[in-house]
Amino acid sequence: MEIPKELAKGNEVFVGSGFDFSKVAKGQHPKFVVITCSDARVSPEVIFSQPLDALFVIRNAGAILAKEELATLQYAVEHIPTIEGVVYMAHTSCGMLNAVLSKERFGGELGEVVNELRKEIGARNEKEALEFMTHKGIEEIKRIIRDSGKKVDTFGVIYHTDSGRIERIV
């Protein structure tokens, strides 16, 4: 099966952009880790206007910091010497958060995650839930950084999908 045409064409544009791939071929040098949602409207490289190799991005639905995400963060903090900061970025109109705040029932792995988050978030509204998740995310990030013995800054932000702006919460 062929790669979808719009993706293949996009890759050709990327390859022909004049980017010096030798800069990234031998290793990565990001300054920041960004942990955020996998929502298609939330692309850290675009939101922060950063080039290839500037961000080490960890994404999943809802920007949930489970074992795998925390291990990835630990890897970045401990093994990429150029890391100066970690950004936890929640966002408005998050599908995962809306699922958690709804009364809808979900099955499978999604249902397990939604039910666990419902216990943590409780009866909060969207704004309160976003702030709660951001504070909780930063606490977990600080624990990983503290355990690593490294000095790395943390930034907890909310990305507003209706304006494109970020707001620092913690």
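Above this note sits the structure.
Residues numbered from 1 in each chain as written. Predicted model: local features only at pLDDT ≥ 70, side-chain atom pairs only at ≥ 80, totals over all residues. Heavy atoms only, no water.

Enquirer: Explanation requested: the pairing of strand β3 (residues 85-91) in the structure shown.
Expert: Successive side chains on a regular strand alternate, one facing one side of the sheet and the next facing the other. Within β3, seven of the seven residues are buried, which leaves the element mostly enclosed by the surrounding structure. Looking at chain direction, strand β1 (residues 32-37) and β3 are connected through five bridges and run parallel. Paired with V33 across the strands is V86, a residue of β3. Two elements, β3 and strand β4 (residues 153-159), share seven bridges in a ladder whose sense is parallel. Its bridge partner lying in β4, Y88 is registered against G156. (Buried < 20%, exposed > 50% of the residue type's maximum accessible area, 1.4 Å probe, protein only. Helix = DSSP H or I, 4+ residues; strand = E, 2+ residues; numbered from the N terminus. Pairing = 2+ DSSP bridges.)

Enquirer: Whenever I open this one, unusual backbone geometry confuses me. Can you help?
Expert: With the exception of glycine, the majority of residues adopt a negative phi angle, and the majority of peptide bonds are in the trans configuration. Positive phi outside glycine occurs at A63, with the angle close to 55 degrees. By the secondary structure assignment, A63 is in the loop between β2 (55-60) and α4 (67-79). For S93, which is not glycine, the phi dihedral falls at a positive 60 degrees. Take S93: it is sitting in the loop between β3 and α5 (95-101). The exposure class of S93 is partly exposed, given its relative accessible area of 35%.

Enquirer: I would appreciate a short explanation of the packing of α4 against helix α7 (residues 126-148) in the present structure.
Expert: Describing two packed helices takes the angle between their axes plus the distance from one axis to the other. Axis separation between α4 and α7 bottoms out at 10 Å; the angle between their running directions is 45 degrees. Between α4 and α7, the angle falls in the class oblique. In this structure, α4 crosses over α7, and the sense of that crossing is right-handed. Of the residues in α7, those in contact with L70, L73, Q74, V77 and E78 of α4 are E140, I141, R143, I144, I145 and S148. Of the residues assigned to the contact of α4 with α7, the class counts are six nonpolar, two polar and three charged. (Axes fitted to C-alpha atoms, helices over the stretch in contact; angles between N-to-C directions. Parallel < 35°, antiparallel > 145°, perpendicular 65-115°, else oblique. Left-handed = near helix turned anticlockwise from the far one by under 90°. Contact = heavy atoms within 4.5 Å. Nonpolar A, V, L, I, M, F, W, Y, C, P; charged D, E, K, R; others polar.)

Enquirer: Before we go on, may I ask you to explain the side chain of T134 in this structure?
Expert: The topology assignment puts T134 in helix α7. Look at T134 and you get buried, because its relative accessible area is 0%. Setting aside chain neighbours within four positions, we find T134 in contact with Y88, A90, G156, V157, I158, I169 and V170.

Enquirer: Please explain the packing of helix α6 (residues 108-121) against α7 as it appears in this structure.
Expert: Look at α6 against α7: their axes get within 11 Å of each other, and the N-to-C directions meet at 95 degrees. Viewed along their axes, α6 and α7 adopt a mutual orientation that is roughly perpendicular. Touching L117, E120 and I121 of α6 are A129, F132, M133 and K136, all from α7. Its residues placed into classes, the contact of α6 with α7 shows five nonpolar, no polar and two charged.

Enquirer: How should I be thinking about α6 in this particular structure?
Expert: Along an α-helix, a turn takes 3.6 residues, which lines up residues three or four apart on a common side. Taking 1.5 Å of rise per residue, 14 residues should cover 20 Å, and α6 covers 20 Å from first to last C-alpha, within 8% of that figure. Those residues of α6 that sit buried are G111, V114, L117 and I121. For α6, the angular spread of buried residues about the axis comes to 135 degrees, placing them on one side. Seen from the buried face of α6, the exposed residues on the opposite side, beyond 90 degrees, are E109, E112 and K119. Packed against the buried residues of α6 are α5 and α7. Two residues or fewer after α6 comes G122, characterised by a positive phi angle close to 65 degrees. (Expected span 1.5 Å × (residues − 1). Arc of directions from axis to C-beta.)

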